[in-house]
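Fold and contact review
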Amino acid sequence: MRPWREGPGDRRSYHHGNLKEALIEAARRFIAERGIGGFTLVDAARLVGVTPAALYRHFRGREALLEEVAGRGFADLADRLARALTSRGTPLERFTRMGEAYLTFAEEEPGYYAAIFEVRGQAVPAPASVRPNPFDLLVEALRSTFPDGFDGVDPRFLALEVWALSHGIATLAAAGQLPKPGPDKYELLRAGVLALVHGAGGRSREMP
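Note that this is a predicted model, so its numbers are computed, not measured. Along each chain, residues carry numbers from 1 onward, in the same order as the chain's sequence is written. Whole-chain, interface and lining totals are the exception, using all residues; otherwise, since this is a predicted model, local features are given only for residues with pLDDT of at least 70 and side-chain atom pairs are given and counted only at 80 or more. To obtain the side-chain values, all non-hydrogen atoms of the structure were used and water was disregarded.

**Digging into the overall build of the protein**
Comment: elements are numbered from the N terminus, with helices defined as DSSP H or I runs of at least four residues and strands as E runs of at least two. A count of helical and extended segments in the protein gives 10 helices and zero strands. When the helices and strands of the protein are listed from N to C terminus, the series reads α-α-α-α-α-α-α-α-α-α. Looking at the 208 residues of the protein, the share that counts as buried comes to 45%. Working rule for contacts: check all heavy atoms of both residues, and any pair within 4.5 Å makes them a contact. For the protein, contacts bridging at least 24 residues in sequence account for 68% of all contacts bridging at least 6. Entry remark: accessible area of the protein is about 11,000 Å², with carbon and sulfur atoms responsible for 52%. Between buried and exposed lies partly exposed: a residue is buried under 20% and exposed over 50% of the maximum accessible area for its type, with that area taken using a 1.4 Å probe on protein chains only. The protein chains shown are the only cover counted for residues, whose accessible areas, like all others here, come from Shrake-Rupley with a 1.4 Å probe.

Put into structure tokens, the structure is as follows:
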């Protein structure tokens, strides 16, 4: 593990009573660097400087800690997507920014991202406590960008396909498996999404 940086989850903050936040940050760091299975509660306790027994004041066990990390990740992702959806520009421009925001989140927050897609398989939909729900935001964006619909295809079905495509590109990019030279991940996502919606009969008034 890299040296602990001062911040809301460091030992100094813990001594001010933020053990729960310190543990969440420790778990997020371990997941980012080692994967979901790459740490134990003992590891998290050691990183923040407490005994393993102290963790149970806030979490029933390791799974509960991981679920909290996943929930925080969903909330962060939802906030980024909501900002893109309500930004300036045309519906197509906002829709494109949502894809960019998704890929950027996966790159910048690998701990959150891994937790979202691996903890008990709870990828879609998001936990009920997360509002707005990232999946609902995607459905809303599809409907506003392609107001004429998709020839009877349920937008929620298409949203799942878009999410799967986004996840695949983000995963390949993180593993360094995208072909080079070639288009970057943002260009790949935009082209793939447009191919999906056009294949489903989607038409935007802003597109030829």
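**Details of the nonpolar core**
The nonpolar side chains of a soluble globular protein tend to be buried, and buried together. The criterion is simple. A nonpolar core is a set of buried Ala, Val, Leu, Ile, Met, Phe, Trp, Tyr and Cys residues joined through side-chain atoms within 4.5 Å. By size, the foremost hydrophobic cluster in this structure holds 61 residues, and its most contacted members are Ile31, Phe39, Leu65, Tyr102, Leu142 and Val197. Broken down by element, the residue count for this core peaks at 10 residues, all from helix α5 (residues 62-85). Apart from the residues within four sequence positions on either side, phenylalanine 39 is in contact with Ala27, Phe30, Ile31, Ala44, Arg62, Leu65 and Leu66.

**Re the UniProt feature "DNA-binding region" (unreviewed entry) in the protein**
UniProt positions are given in the numbering used here, feature names are shortened, and annotations may be inferred rather than shown by experiment. Listed under "DNA-binding region" (unreviewed entry) in the UniProt record, and renumbered for this structure, are residues 40-59. As annotated, residues 40-59 comprises 60% helix and 0% strand, and the C-alpha atoms at either end are separated by 13 Å.

**A closer look at the pattern of salt bridges**
Note on definitions: salt bridges are taken to be side-chain nitrogens of Lys or Arg within 4 Å of carboxyl oxygens of Asp or Glu. Inspection of every chain in the model, using the stated rule, returns 10 salt bridges. When the shortest N-O distance is used, the salt bridge between glutamate 25 and arginine 28 registers 2.7 Å. Pair noted here: glutamate 25 and arginine 28 are both in helix α2 (residues 19-34), with a separation of three residues, about one helical turn. Ionic pairing is found between arginine 28 and glutamate 109, a salt bridge with its closest N-O pair at 2.7 Å. Placement of the pair is arginine 28 in helix α2 and glutamate 109 in the loop between α6 (91-108) and α7 (110-118), with a sequence separation of 81 residues.

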